[in-house]
Amino acid sequence: RSSLALRSSHHPTHHPDSNHTAYRTMGQSSVAAATSNSGIMSNPPSAELQGLTARHDYNSIVPSDDNDSEARLSALEAILYKPRLDALLACDANVISYEPFSFLMVFGLRGRNFGMICAPLCGLLLWDICWALTLETEQTTGLAGVITTSLDGLIAPLLTPVSFLLVFRLGRAAVRFWDSRAAFGKLVEICRVIMSTAAVSCKHNHRQDLCNEFARWICAFPIATKNFLRPNLPCSRDGRSRRREIGPLLSEKEAQDMLTPVNGGGSMEFIAPIHVLDRIRELSYVLSFGDGRSSSSDVDQKVPAPSATAILQTQKGVALYRQLNGQVDTLCGAWGAMERIAATPLPFVYVVHLRTFLLLYLFLWNLQGIGSNGWKSIPALLAASWALLGIEAAAVECERPYQLHSNHLPLGKMCVVVAKNVAQTVKTVGY
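This text gives an overview of the structure that appears in the document. (Residues numbered from 1 in each chain as written. Predicted model: local features only at pLDDT ≥ 70, side-chain atom pairs only at ≥ 80, totals over all residues. Heavy atoms only, no water.)

**Section: the environment of Glu 397**
Here is step 1 of the chain: Structurally, Glu 397 is set in helix α14 (residues 378-399).
Here is step 2 of the chain: When the C-alpha atoms of Glu 397 and Arg 112 are compared, they prove to be 8.9 Å apart, with 285 residues separating the residues in sequence.
Here is step 3 of the chain: Discounting residues that sit within four places of it in the chain, Glu 397 has contacts with Asn 113, His 405, Ser 406, Asn 407 and His 408. (Helix = DSSP H or I, 4+ residues; strand = E, 2+ residues; numbered from the N terminus. Contact = heavy atoms within 4.5 Å.)

The following block contains the structure:
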């Protein structure tokens, strides 16, 4: 049986994904391409699924008004929807991947954060040229020796504190980079665990509808977290890339609720992770205790004593809810760790103190070098200045690694990893 086959014919009493909108048709497009490139599925689509390709537009994000349930994508198809995965991978187009055993990378400028240190380097170059022109005139011939002698005892004491400040700065930035990666890694891990737990429980409780909802919202959580960490940075300039990242995973209303910021104390804030976590927690409760509600008339009636079977079922529900709820709490903690890193740079007083004395040291050192060796020392002075300024630039690049720069974390790729893991779980469990 194809793992992508629609299950409506096999489960006539169940209508999964009934609240999700369909996508318009624009001719020939293949779900097989989405699944073959995902790395999860290799089985060819069923004949029933191939018939749907004439009714879907796999490049459109505009929902149609077609209410035909057969024209809707199943949860597994929506998770592995290729344009959606491609939109997520496009977020990492700027991220650099390199060969760790090669030194050829030293011949490139990309990824060095050169834009940050370009201005101080240009200032040092002008400083060197002005002093070189000044000191080569006959009237100032003796000035070079005076400068060299007077600066010998001033520059050396500055080197030690500046070096210490730079090393501490880069070390803290590296720790924050690793903590950021560990937090998102924890998010990926818990998404796997909670999906596996929920899928097995849904199967034995005959709740395929809940399994599909779990799969959709778990896949939505890393996307919501990514958007929270990049509130003003869509991955393309057309403003629709974030809707493409969701694609048919959620309905149009659910997607808009997830993507629309709210007014939080005068500023627009993204609360999508809270919204998704609440949905997952609600699904956990329904799976554990059911979604039946007692009316006021039922409350007035005398309730019979529960049987031993009912008590055992309730105990199982409590244990399941405690497990799922704990995993949701861990997801919230991982998001909180990333929020803390993104919102808390090193204190201003430390950064401004470091940059003040770093620039003071470099300008005095360049002046001493020009006084000692003249024009020929400028290339060496600029190279050494680049080395010290580059440490500060690298620390800034690694301090909050959630943007779209070359050295930042590939958040879109991690969202794709979660989608593939969830799809594999759904396939393994048997839905």
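Okay, back to it.
**Concerning the packing of aromatic side chains**
Here is step 1 of the chain: Evaluated as defined, the whole model comprises 9 aromatic pairs.
Here is step 2 of the chain: Judged by centre distance (4.9 Å) and plane angle (50 degrees), the ring pair of Tyr 285 and Phe 289 falls under tilted. Highlighted residues: Tyr 285 and Phe 289, both in helix α10 (residues 272-289), separated by 4 residues, approximately one helical turn.
Here is step 3 of the chain: Tyr 285 sits in the partly exposed class, given a relative accessible area of 44%.
Here is step 4 of the chain: The partly exposed category is assigned to Phe 289, whose relative accessible area is 36%.
Here is step 5 of the chain: An angle of 90 degrees between the planes, with centres 5.7 Å apart, marks the rings of Tyr 285 and Tyr 321 as edge-to-face. (Phe/Tyr/Trp six-rings, centres within 6.5 Å; stacked < 30°, edge-to-face > 60°. Buried < 20%, exposed > 50% of the residue type's maximum accessible area, 1.4 Å probe, protein only.)

**So, the pattern of salt bridges**
Here is step 1 of the chain: All chains considered together, the criterion is met by 11 salt bridges.
Here is step 2 of the chain: In this structure, Lys 186 and Glu 189 form a salt bridge, with 3.4 Å as the shortest nitrogen-oxygen distance. Placement of the pair is Lys 186 and Glu 189 together in helix α6 (residues 143-204), with a separation of 3 residues, close to one helical turn.
Here is step 3 of the chain: Residue classification places Lys 186 among the partly exposed positions, given a relative accessible area of 34%.
Here is step 4 of the chain: Each of Arg 169, Arg 355, Glu 392 and Glu 399 takes part in a single network of salt bridges with overlapping partners. (Salt bridge = Lys/Arg side-chain N within 4 Å of Asp/Glu carboxyl O.)

**Topic: helix α13 (residues 348-373)**
Here is step 1 of the chain: Taking 1.5 Å per residue, 26 residues should reach 38 Å; α13 reaches 37 Å between its end C-alpha atoms and fits that length.
Here is step 2 of the chain: Within two residues after α13, Gly 374 carries a phi angle of roughly 70 degrees, on the positive side. (Expected span 1.5 Å × (residues − 1).)

**Some thoughts on the environment of Met 195**
Here is step 1 of the chain: One can find Met 195 in helix α6.
Here is step 2 of the chain: Of the residues examined, Met 195 reaches a relative accessible area of 0% and is grouped as buried.
Here is step 3 of the chain: Sequence spacing of Met 195 and Ala 215 is 20 residues, and the spatial spacing of their C-alpha atoms is 6.7 Å.
Here is step 4 of the chain: In this view, Met 195 contacts Cys 211, Phe 214, Ala 215, Ile 218, Val 422, Thr 425 and Val 426; residues no more than four positions away in its chain are not counted.

**As for the nonpolar core**
Here is step 1 of the chain: One finds Ile 79, Met 195, Phe 214, Met 258 and Val 422 to be the most contacted residues of the largest nonpolar core, which totals 62 residues.
Here is step 2 of the chain: Elements represented by at least two residues in this core include exactly α3 (75-79), α4 (82-89), α6, α7 (208-229), α9 (252-259), α10, α12 (308-343) and α15 (411-429).
Here is step 3 of the chain: Per element, the largest residue contribution to this core is 12 residues, and it comes from α7.
Here is step 4 of the chain: Apart from the residues within four sequence positions on either side, Ile 79 is in contact with Arg 84, Leu 85, Ala 215, Cys 219, Leu 249, Ala 419, Val 422 and Ala 423.
Here is step 5 of the chain: Formed by 26 residues, the second largest nonpolar core is a distinct cluster that contains Leu 151, Tyr 350, Val 351 and Tyr 361. (Core = buried A, V, L, I, M, F, W, Y, C linked by side-chain atoms within 4.5 Å.)

**So, α15**
Here is step 1 of the chain: The terminal C-alpha atoms of α15, which comprises 19 residues, lie 27 Å apart, in line with the 27 Å expected from a rise of 1.5 Å per residue.
Here is step 2 of the chain: Looking only at α15, the buried set comprises Leu 411, Gly 412, Met 414, Cys 415, Val 416, Val 418, Ala 419, Val 422, Ala 423, Thr 425, Val 426 and Val 429.
Here is step 3 of the chain: Gly 430 sits one or two positions beyond α15 and adopts a positive phi of about 120 degrees.

**Details of a nonpolar patch on the surface**
Here is step 1 of the chain: A surface patch of nonpolar side chains, amounting to about 800 Å² of accessible area, comprises Tyr 98, Phe 103, Leu 104, Met 105, Val 106 and Phe 107.
Here is step 2 of the chain: Considering the arrangement of structural elements, one finds Tyr 98 in the loop between α4 and α5 (114-135).
Here is step 3 of the chain: Tyr 98 gets classed as exposed once you look at its relative accessible area, which sits at 57%. (Patch = residues over 30% accessible without salt bridge, like charges linked within 9 Å, V, L, I, M, F, W, Y side chains within 5 Å. Areas by Shrake-Rupley, 256 points an atom, 1.4 Å probe, with all protein chains shown as cover.)

**A few points about unusual backbone geometry**
Here is step 1 of the chain: The phi dihedral of Asn 113 is positive, around 55 degrees, even though this residue is not glycine.
Here is step 2 of the chain: With respect to the helices, strands and loops of the structure, Asn 113 is situated in the loop between α4 and α5.
Here is step 3 of the chain: Positive phi values are uncommon outside glycine, yet His 206 reaches one of about 60 degrees.

**Overview of the side chain of Arg 84**
Here is step 1 of the chain: Mapped onto the secondary structure, Arg 84 falls in helix α4.
Here is step 2 of the chain: In this structure Arg 84 is buried but unpaired, with Glu 245 as the nearest side chain of opposite charge at 7.9 Å.
Here is step 3 of the chain: Aside from chain neighbours lying at most four places away, what touches Arg 84 is Ala 78, Ile 79, Ile 223, Arg 244, Glu 245, Ile 246, Gly 247, Leu 249 and Ala 419. (Lys, Arg positive; Asp, Glu negative; His and termini not counted.)

What is shown is where atoms sit, not what they do.
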